[in-house]
Amino acid sequence: MSGSNGRSRSPRLRRWRDRAFLILCASIAGVSMFVLAWLIGEMVSQGVAHLDRDFLTSYPSRRAASAGFKSALWGSVWLVCVCAAVALPLGVAAAVFLEEFAPQRRTWRAMHSFAGLNISNLAGVPSIVYGIIGLTVFVRMFGLFGSPNLSMYDQWERVRLQDGTHAAGRLVEQSDQSLVLEHPRDGVRSIVSAAITSRDSIHIRRHKLELSSGRRLAGPHIGRTSEGLLELDTDDRERVVIDPAEVVSYEYSRVLTIGHPDSFFYFRLPLGGSVLAGGLTLMLVILPIIIIACREALRAVPSSLREGSLALGATRWQSVRRMVLPAAIPGIMTGCILAVSRAIGEAAPLLVVGGLLVVFAVPQNLMDDFSAMPLQIFNWAGRPQEDFHRLAASGILVLLMVLVAFNMLAIVIRQWFHKPLT
Amino acid sequence: MIHAPTQTALANEGTPVSRTGQLGHAARHALEQRGTEGPTGVALIAAGLSAWYGQHQALADVGLEVPERRVTALIGPSGCGKSTFLRWVNRMNDVVRTARASGRLELFGEDVLAPSVDAVDLRRRVGMVFQKPNPFPKSIFDNVAFGPRLHLRLRRGALADLVEMSLRQAALWDEVKDRLHASALGLSGGQQQRLCIARAIAVGPQVLLMDEPCSALDPQATLRIEDLIRDLRRQFTIIIVTHNMQQAARVSDTVAFFYEGRLIESGQTVQVFTKPSSARTEDYITGRFG
C-alpha cells in the first residue's frame, strides 16, 4: 500500500501485461511479414521460369511461350518520364508557394490554407478518380478539339507543289507518276507527283459550306455520290445532298496536329489515349503526394536559417533559392522518388485513360498508344490459361525489382545527401 | 582579454565606485574608459514607438536616440520589449504576421516604419546577429559570401578579398584561413557567432543589431565577441540586446533600460550604471529583480 490513492498495482501483473503486449505486437508484425514473404515466394516460384532476357526483349504474344514484357517496360519508362517531368517542377513549386509564401492578408491567407488542406485530402483520393479526370481533361479535352478517335474523321492528303501552291483533298487514286485528290470545291484534281515538294496527311474535323441560297451547312463527313453530287453528313446526323454548283464557299477545320505520326515530335489535340495523356494522368495521382513530401522537407529547414538569410537583405525568392531549397533538396528528392515509384505501380488510372491495349511496339512519340507494366500484368492475370498466370508472376517480379530499386535509391539519397542543418 | 584602461581614463573624474561595485573590476575599468569620447551623430531616433503582437502590446511609446558609431546596449528583464525594438529596426518583424508598430523610427533621418521603405533594402543597411549562432549549412567562405552575392555581381577575386576582409574584421581569419571551404557547422559556437558577424559585415551595413549574441556561448567565447564588438564600433553603429549587466557595462557606450514595454531610462553607460535616475533601473542593475 502506498500513497493516498488506494491499492498499488502488482508488479507481476504489470510485467505480465508488458510481455503480453510485446507478444501481441510481435505476432501481428510476424503475420504480416509472413504473408508478404509467402506472396513474394509464390511469385518467385511461379515467375522465375519465364524471367530471362527474352522476356524483357520480346513483345506480348498470343502464345505464352514467346510472350514478353518489352512494350510494357518501355511504356512504363515513357509514362514515368512524362509524369516526372511535369509533376516534379509543379509539385516543388506548389510546395514552395504553400510553405514559403504565405500571404499576409486575411482573405488570401484563408484561401491559402484552404488550398493546403485540400491538397492533403487529394492525396487520399482513389487513383481511379484521377483516371476519370484524366479521361475528361487530357484524353477528350472536354470535347473542345473534337473526338480523340481519328478514324471517325475524313483523312485527306495535303501536298505542297513546286510553284508554292497547296492542294488538299481525299486521296482517290495514287500511282508512281501522279495522285488524284478530291476536294469539295475544286472537284477532282490530278497532280503530277514530280511537282510535289512535301506531302502530309490531315484529318478533317468539320466541313463548312455556304450555299447560294444562303443556307449554311456543317458536318464531319463529306463525300461524292456516283452522280457527282456532294454528300454531307451534318452535325445533326442528317445526310444532305448538294449540287457542287450551289456551293458559294467552303472551309474546313482540321484536327490539330504537329508533325507526322511517325515523327518523334508528333503532337495532336485532343491527346487521346496517348503516352502523354497517361503520363499527365499519373502526374495528377502523384502531385499531391509530391507536394506533401516537399512541404515536409521545407518545414524541416530551421527558420533560423530563413531569418539569417532575410536579415542579410535577401528577398523571399533569393532566400528560397539559395538557402531553403538547397537545404531541403535531400528530403525533396526522397519524397519525389517515392512518389514516382507509386506512379510506376499504378494501373487503374491508366486503364481508364488508355484502355487495356495489347501493344506490339515501344512508343516512338508522345502520341503513341502505350502499355505499362501493371496493365500487362493485369492483362495476363486475367486470361484463363495457366501459362499466362506464370507470365504475370514474371511481370510482377520485374515490377517489384524496379520498385525496390527506386526505394533503395531514395534511401541512398537520404543517407548520402543528408547533412545537418544547424 | 579586457583592454587595460588608459591613464587618462583612470585619471577621469571620480566615479562613485560604490554603485559599480557589483560589476567587477574589469567591467568597472571598461566603464570608466568609455566616458572620455566626444559625442557623435545620431544614427537612430525612436519617437512614440509602440508595437504589438496581435493584442499584446510589446512596446509602448518608446523614445530613444542611438548615437552613431557607438555601442548601445538594450537591457531589461525578459519580455520587456528589447528584442521587439531590435526586430523593428531592420523590419524582421515583417515576417511575423501578427506584428505591427506605430510611431516613428528614424534611421539616419528616414522612417523605417514607412510603408514605402523596402525592407529588403533596409536589411542590407542594417545587419543582424541572432541569439543562437545560425551559420548556413555551407562552407565558411560561402557563408560570408552569401550576402555580397545577393546584392553585387563581384568577380571571383573581389569576392575573395571581401570575404577575407570581413573575416579579418570579425577576428576569425587566422582561425579559418586554411579551411575556408570546410563546412561552417564544424566551427565552435563562438567561432560560428563570429562567422555570423563576419557574414553581416560583408554586406556593408551601417548598423549592426545583436540580439543577445553571447547568450549561447561560454565565457571565453563571450569575451572574444565583446572584444570584437569594441573593435567594430569604430565603423558600425551597434545595438546590442543583453541580459548580462556586466556585458552591458563592458561593451556599451550608452544603455537603454526597458521594463514592461516602456523605456525607463537611457543615457551614457557610466551615467546609468553609476547614477541611475530611476529606482527601478537601480534595482535591476544591482540585481534586485529581473
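Residues numbered from 1 in each chain as written. Chains lettered and ligands numbered in written order. Predicted model: local features only at pLDDT ≥ 70, side-chain atom pairs only at ≥ 80, totals over all residues.

A word on the overall build of chain A. Helices and strands together make up the secondary structure of chain A, namely 11 helices and 12 strands. Taking 422 residues into account, the globule formula puts the C-alpha radius of gyration at 22 Å, and chain A, at 31 Å, lies well above it. Overall size of chain A, expressed as C-alpha extent along the three principal axes, is 115 × 65 × 40 Å. Residue burial in chain A is summarised as follows: out of 422 residues, 31% are buried. (Helix = DSSP H or I, 4+ residues; strand = E, 2+ residues; numbered from the N terminus. Rg over C-alpha atoms; globule rule 2.2 N^0.38 Å. Buried ≥ 20, exposed ≤ 12 C-beta atoms within 10 Å, placed from the backbone.)

Broken down by element type, chain B carries 12 helices and 10 strands. Across the 290 residues that make up chain B, the buried fraction comes to 48%. Considering only contacts in chain B between residues 6 or more positions apart, those separated by 24 or more positions represent 71%. (Contact = placed C-beta atoms within 7 Å.)

For the rest of this paragraph, the subject is the sheet that holds strand 8 (residues 237-241) of chain B. Residues and elements named next belong to chain B. If you walk across this open sheet you meet the 6 strands as 6-7-8-3-9-10, and the pairing is mixed. Sheet topology places strand 6 (126-129) and strand 10 (262-268) at the edges, where each strand pairs with a single neighbour. Put simply, the sheet's adjacent strands are angled 15° from each other on average, direction ignored. The sheet contact formed by strand 3 (residues 71-75) and strand 9 (residues 254-259) spans 4 bridges and is parallel. Residue threonine 72 lies in a different strand from strand 9, and its bridge partner there is threonine 254. (Pairing = 2+ DSSP bridges. Axes fitted to C-alpha atoms, helices over the stretch in contact; angles between N-to-C directions.)

For the rest of this paragraph, the subject is the interface of chain A and chain B. Tallying the contact residues gives 17 residues for chain A and 23 residues for chain B. When residues in the side of chain A that touches chain B are grouped by element, the largest group, 6 residues, is from helix 7 (residues 303-311) of chain A. Residue composition of the side of chain A that touches chain B, by class: 9 nonpolar, 6 polar and 2 charged. (Nonpolar A, V, L, I, M, F, W, Y, C, P; charged D, E, K, R; others polar.)

On to the sheet that holds strand 9 (residues 239-242) of chain A. Residue and element names in this part refer to chain A. On the basis of which strands lie adjacent, the open sheet formed by 3 strands has the order 7-8-9 and antiparallel pairing. Whereas interior strands pair on both sides, the edge strands pair on one side only; in this sheet they are strand 7 (221-224) and strand 9. Pairwise comparison of adjacent strand axes, ignoring direction, gives a mean angle of 25° for this sheet. Bridge count for strand 7 against strand 8 (residues 230-233) is 4 bridges, and the pairing is antiparallel. In the sheet register, arginine 224 faces strand 8, and the bridge partner there is leucine 230.

Moving on, we come to the pairing of strand 10 of chain B. Residues and elements named next belong to chain B. As defined by bridge partners, strand 9 adjoins strand 10 across 6 bridges and the pair is classed as antiparallel. Across the sheet, threonine 254 pairs through a bridge with glutamine 268, a residue of strand 10. With antiparallel pairing between neighbouring strands as the criterion, strand 9 and strand 10 make up a hairpin whose turn holds 2 residues, including glutamate 260 at a positive phi of roughly 50°.

Turning next to helix 11 (residues 386-417) of chain A. Helical geometry note: an α-helix holds 3.6 residues per turn, so side chains three or four residues apart project in the same direction. All names here are of chain A. Between its terminal C-alpha atoms helix 11 stretches 46 Å, which fits the 46 Å expected from 32 residues at 1.5 Å a residue. Taken as a whole, helix 11 has its buried residues at Leu391, Ala392, Ala393, Ser394, Gly395, Ile396, Val398, Leu399 and Ala410. For helix 11, the secondary structure elements touched by its buried residues are helix 1 (11-47), helix 2 (53-57), helix 3 (70-100), helix 8 (316-345) and helix 10 (373-381). (Expected span 1.5 Å × (residues − 1).)

Another aspect to go through is the packing of helix 1 of chain A against helix 11 of chain A. Residue and element names in this part refer to chain A. As a packed pair, helix 1 and helix 11 sit with axes 8 Å apart at the nearest point and diverge in direction by 120°. The pairing of helix 1 with helix 11 is recorded here as oblique in orientation. Every pair of crossing elements has a handedness; the one defined by helix 1 and helix 11 is left-handed. Within the contact between the two elements, helix 1 uses Met43, Val44, Gln46 and Gly47 and helix 11 uses Arg390, Ala393, Ser394, Ile396 and Leu397. (Parallel < 35°, antiparallel > 145°, perpendicular 65-115°, else oblique. Left-handed = near helix turned anticlockwise from the far one by under 90°.)

Before going further, it helps to spend a moment on the environment of proline 148 of chain B. Residues and elements named next belong to chain B. Along the chain, the position of proline 148 falls in helix 5 (residues 140-151). The exposure class assigned to proline 148 is buried, which follows from the 20 C-beta atoms found within 10 Å. Look past the residues within four positions of proline 148 in its chain and what remains in contact with it is Leu154, Leu159, Leu162, Ala202 and Val203.

To continue, consider the environment of glycine 355 of chain A. Residue and element names in this part refer to chain A. Relative to the helices and strands, glycine 355 is located in the loop between helix 9 (348-354) and helix 10. Overall, the presence of 11 C-beta atoms within 10 Å leaves glycine 355 in the exposed class. The spatial distance from the C-alpha of glycine 355 to the C-alpha of methionine 367 is 15 Å, given a sequence separation of 12 residues.

Let us now look at the domain arrangement of chain A. Along its sequence, chain A is carved into domain 1 (1-47), domain 2 (53-145 + 274-417) and domain 3 (153-256). Between domain 1 of chain A and domain 2 of chain A, the C-alpha centre-to-centre distance is 36 Å. (Domains from an automatic or database assignment.)

This part is about the confidence of the model for chain B. All names here are of chain B. Of the residues in chain B, 86% have a pLDDT of 70 or more, and the chain-wide mean is 86. Of all secondary-structure elements in chain B, the lowest mean pLDDT belongs to helix 1 (residues 7-11), at 37, while strand 8 reaches the highest, 95. Here residues 1-21 is a poorly scored stretch, pLDDT under 50, and it has 31 contacts once near neighbours within four places are set aside; other chains count. Across the interface, the model reports ipTM at 0.84; the global pTM reads 0.82. (pLDDT = per-residue confidence, 0-100.)

Let us now look at the packing of helix 5 of chain B against helix 8 (residues 189-202) of chain B. Helices that pack against each other are described as a pair by the angle of their axes relative to one another and the distance between those axes. Residues and elements named next belong to chain B. In the contact formed by helix 5 and helix 8, the axes pass within 7 Å of each other and the chain directions differ by 30°. Classified by the angle their axes make, helix 5 and helix 8 are roughly parallel. In the packing of helix 5 onto helix 8, the handedness of the crossing is right-handed. Of the residues in helix 8, those touching helix 5 at Ile140, Asn143, Val144, Phe146, Gly147 and Pro148 are Leu195, Ala198, Arg199 and Ala202. A class-by-class count of the residues in the contact of helix 5 with helix 8 yields 7 nonpolar, 2 polar and 1 charged.

What follows is about helix 3 (residues 82-89) of chain B. All names here are of chain B. With 8 of its 8 residues buried, helix 3 lies for the most part within the structure. Restricting attention to buried positions, one finds in helix 3 the residues Lys82, Ser83, Thr84, Phe85, Leu86, Arg87, Trp88 and Val89. At the C-terminal side of helix 3, arginine 91 shows a positive phi close to 55°.

A separate point is the nonpolar core. Side chains of a nonpolar character, in soluble globular proteins, are inclined to be buried together. The biggest cluster of nonpolar side chains holds 155 residues, and the ones touching the most others in it are Cys83, Ile286 and Ile290 of chain A together with Val89 and Val207 of chain B. Here this core gets 18 residues from one element, more than from any other, and that element is helix 6 (residues 275-299) of chain A. The contact partners of isoleucine 290 of chain A, leaving out residues within four places of it in the chain, are Ala87, Leu88, Gly91, Gly335, Cys336 and Ala339 of chain A. (Core = buried A, V, L, I, M, F, W, Y, C linked by C-beta atoms within 7 Å.)

Below, the discussion takes up the environment of glycine 143 of chain A. Residues and elements named next belong to chain A. For glycine 143, the location among the structural elements is in the loop between helix 5 (127-139) and strand 1 (154-161). When the 10 C-beta atoms within 10 Å are taken as the criterion, glycine 143 is described as exposed. Spatially, the C-alpha atom of glycine 143 lies 22 Å from that of glycine 259, the residues being 116 residues apart in sequence.

This part is about the pairing of strand 3 of chain B. Looking along a regular strand, one sees side chains alternate from face to face of the sheet. Residue and element names in this part refer to chain B. Burial analysis of strand 3 places 5 of its 5 residues in the buried class, which makes it a mostly covered element. Residues Val71, Ala73 and Ile75 of strand 3 are buried on one face, and the alternating residues Thr72 and Leu74, pointing to the opposite face, are buried as well. Where strand 3 lies against strand 8, 4 bridges are found, and the strand directions are parallel. In the strand pairing of strand 8, valine 71 is matched with isoleucine 238.

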